[in-house]
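# Coordinate analysis (summary)
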Amino acid sequence: MLNIKLLRNDINNIAQKLEKRGFFLDTKQFIALEKKRKALQIKSENLQSQRNKLSNLIRDKKNNSQDFSNLKRKVDIVINELIHSKKQLKNLLEQINIFLTYIPNIPDDSVPNGLESKNNQVMNHWGSIRNFSFQIKDHVELGHKLGGFDWISSAKISGSRFVVMKGNIALLHRALGQFMIDIHTTQHGYLETYVPYLVSESSMYGTGQLPKFSTDLFYVQSRSNHTKNNNYILIPTAEVPLTNLFRDCILKENQLPVMLVANTPCFRSESSSYGRDMKGLIRMHQFEKVEIVQIVHPDNSMERLEKLTTHAENILTLLELPYRKVLLCSGDTSFSSSKTYDLEVWFPSQNSYREISSCSNMLDFQTRRINARFRSKINNKNHFLHTINGSGLAISRTLAAILENYQQSDGRIEVPKVLQNDYMKGLKFL
């Protein structure tokens, strides 16, 4: 959520910045709401002042044994007006809050302008794209021929957009998650964290998935009426529970940065997906992802974003998968993010790069929603923290990329060297 002071002090400038990401800020509506708020606030303050003065007069008359019945009637009238005014003000503040919840984050000045992916800026490439001397197969065909993907059973069990993995493919999937966690904890300094997969609506609101993206989520309700909280949402990413760990917290400045990593399943409706993404591991309703989250000081959050992005990149370089780093344009940047880098891995069968990680700086957009702050050593005051997160990496997409980039002419898949001994039981080929 944006700082409301930004809108009160310079709404036209904020509207122009938001327009870069294709969002229309209704400045007239906000100005009208603010005008009402100021009037009601002044009215409530004046009524409170009147009440205090009359109460003091009543006390004086009481002390002097004088009649104060007339003043009491006036106080009752003022109190009733004050109650009504405060109720109006409360309702209006709720309207303003709802108005604010639908406003996306302001894009950073370094973000390129544009509303489509063609306006994204490629920052760099890494790795050599392999020249195949045989007919390239996609990961679906490769995994099927190895007996590792069972799409028929998954459709029977759950429906479309799910997968059953078996044998060495399942082993590779598990190995990738463990490998990523090990690298992030031992080399990058993250704390491994286990989190719930079911969260409350308030947690989803805290990270910005609600209310705007309510149709992208899976909702769960227990049939038992004995539980206090009977409504849950399946997490679309571990970013949600990891970030909400700091809801209503005040950290000490010397505790920063906090760096957490978790490997969780993720659940997404993917209702807008179509075409080639309907097939295979690219967009599924359920998939696993290793998420890295940092809770940081506002003064160095952009620097921390660069560092976090290198952590995700390191996984790709260790796996020797060709990729490119892309700075998203204003219109392609997600709702809660101020600046986002996408890491896109090479898929030979598609002759293109596909997203495998998004690394974003949310600034104080999420922490204002969850009331997460730190106490400054300089002025001893509380300030909102900044949050940064990224995929480090999406496991199923990494698996798919390995199958395609490491495929052999005889249908076998070479296992990345970094995984062979410690994670894949010495296997060199699948």
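The name given to the protein in an unreviewed UniProt entry is Serine--tRNA ligase, and the organism recorded there is Buchnera aphidicola subsp. Melaphis rhois. UniProt, in the comment section headed Subcellular location (unreviewed entry), describes the protein in these words: "Cytoplasm". In its Pathway (unreviewed entry) section, the UniProt record describing the protein reads: "Aminoacyl-tRNA biosynthesis; selenocysteinyl-tRNA(Sec) biosynthesis; L-seryl-tRNA(Sec) from L-serine and tRNA(Sec): step 1/1."

### Thoughts on the environment of Pro257
Assignment of secondary structure puts Pro257 in the loop between β8 (250–252) and β9 (258–267). In the structure, Pro257 is positioned 130 residues away from Thr387 in sequence and 9.8 Å away in space, judged by C-alpha atoms. Those residues in contact with Pro257 that sit more than four places away from it in its chain are Gln294, Ile295, Val296 and Arg304.

### Remarks on the packing of helix α1 (residues 4–19) against helix α2 (residues 27–63)
Running from N to C, α1 and α2 point in directions that differ by 155°, and their axes come no closer than 11 Å. Accordingly, the angle class assigned to the pair α1 and α2 is roughly antiparallel. You can see that α1 and α2 cross each other, and the crossing is left-handed. Of the residues in α2, those touching α1 at Ile4, Leu7, Arg8, Ile11, Asn12 and Ala15 are Thr27, Phe30, Glu34 and Arg37.

### Re the domain arrangement of the protein
As assigned here, the protein comprises domain 1 (26–102) and domain 2 (117–424). With centres defined by C-alpha atoms, the gap from domain 1 to domain 2 works out at 49 Å.

### Structural notes on the nonpolar core
Ranked by internal contacts, the top residues of the largest apolar core, which has 52 residues, are Leu176 and Leu419. Looking at this core, the element that brings in the most residues is helix α6 (residues 167–186), giving 9 residues. Once you skip the residues sitting within four places of it in the chain, Leu419 turns out to touch Leu172, Leu176, Phe179, Leu319 and Met424. Of all hydrophobic cores here, the second largest spans 21 residues; its members include Ile11, Ala15, Ile96 and Leu100.

### A short note on unusual backbone geometry
Between Leu210 and the following residue, Pro211, the backbone shows a cis peptide bond with an omega angle of 5°. In this fold, Pro211 is placed in the loop between α7 (201–207) and β6 (219–221). The residue after Gly392, namely Leu393, is reached through a cis peptide bond having omega 20°. Positive phi, close to 70°, is recorded for Arg161, a residue that is not glycine. Exposure remark for Arg161: the relative accessible area of 11% places this residue in the buried category. If you check the backbone angles, Asn380 has positive phi at about 60° while not being a glycine.

### Describing the pairing of strand β10 (residues 286–296)
Buried residues dominate β10, accounting for 9 of its 11 residues. Strand direction decides the pairing type here: β9 and β10, joined by 10 bridges, are antiparallel. If you follow Ala262 over to β10, its bridge partner there is Glu291. Bridging between β10 and strand β16 (residues 386–394) involves 7 bridges; their strand directions are antiparallel.

### Section: the packing of aromatic side chains
Applying the stated criterion across every chain, the model contains 9 aromatic pairs. For the pair Trp126 and Tyr323, a centre-to-centre distance of 5.9 Å together with 25° between the ring planes defines the contact as stacked. Pair noted here: Trp126 is in strand β1 (residues 121–126) and Tyr323 is in strand β11 (residues 323–327), with a separation of 197 residues, a long-range link. Looking at Trp126, the relative accessible area reads 31%, which means it is partly exposed. What makes Tyr323 buried here is its relative accessible area of 3%. Centre to centre, the rings of Phe335 and Phe365 are 5.7 Å apart; their planes meet at 80°, and the pair counts as edge-to-face. One end of the pair, Phe335, is in the loop between β11 and β12 (339–347); the other, Phe365, is in helix α10 (residues 365–370), and 30 residues separate them in sequence.

### A short note on the sheet that holds strand β5 (residues 198–199)
Reading across the sheet, the 3 strands line up as β5-β7-β6 and stay open at both edges, with antiparallel pairing between neighbours. Strand pairing shows two members of the sheet lacking a second neighbour, β5 and β6, which therefore form its edges. Pairing between β5 and strand β7 (residues 231–234): 2 bridges, direction antiparallel. By the bridge assignment for β7, Leu198 is matched with Leu234.

Conventions and cut-offs
- Residues numbered from 1 in each chain as written.
- Predicted model: local features only at pLDDT ≥ 70, side-chain atom pairs only at ≥ 80, totals over all residues.
- Heavy atoms only, no water.
- UniProt positions renumbered as here; feature names shortened; annotations may be inferred.
- Helix = DSSP H or I, 4+ residues; strand = E, 2+ residues; numbered from the N terminus.
- Contact = heavy atoms within 4.5 Å.
- Axes fitted to C-alpha atoms, helices over the stretch in contact; angles between N-to-C directions.
- Parallel < 35°, antiparallel > 145°, perpendicular 65-115°, else oblique.
- Left-handed = near helix turned anticlockwise from the far one by under 90°.
- Domains from an automatic or database assignment.
- Core = buried A, V, L, I, M, F, W, Y, C linked by side-chain atoms within 4.5 Å.
- Buried < 20%, exposed > 50% of the residue type's maximum accessible area, 1.4 Å probe, protein only.
- Pairing = 2+ DSSP bridges.
- Phe/Tyr/Trp six-rings, centres within 6.5 Å; stacked < 30°, edge-to-face > 60°.

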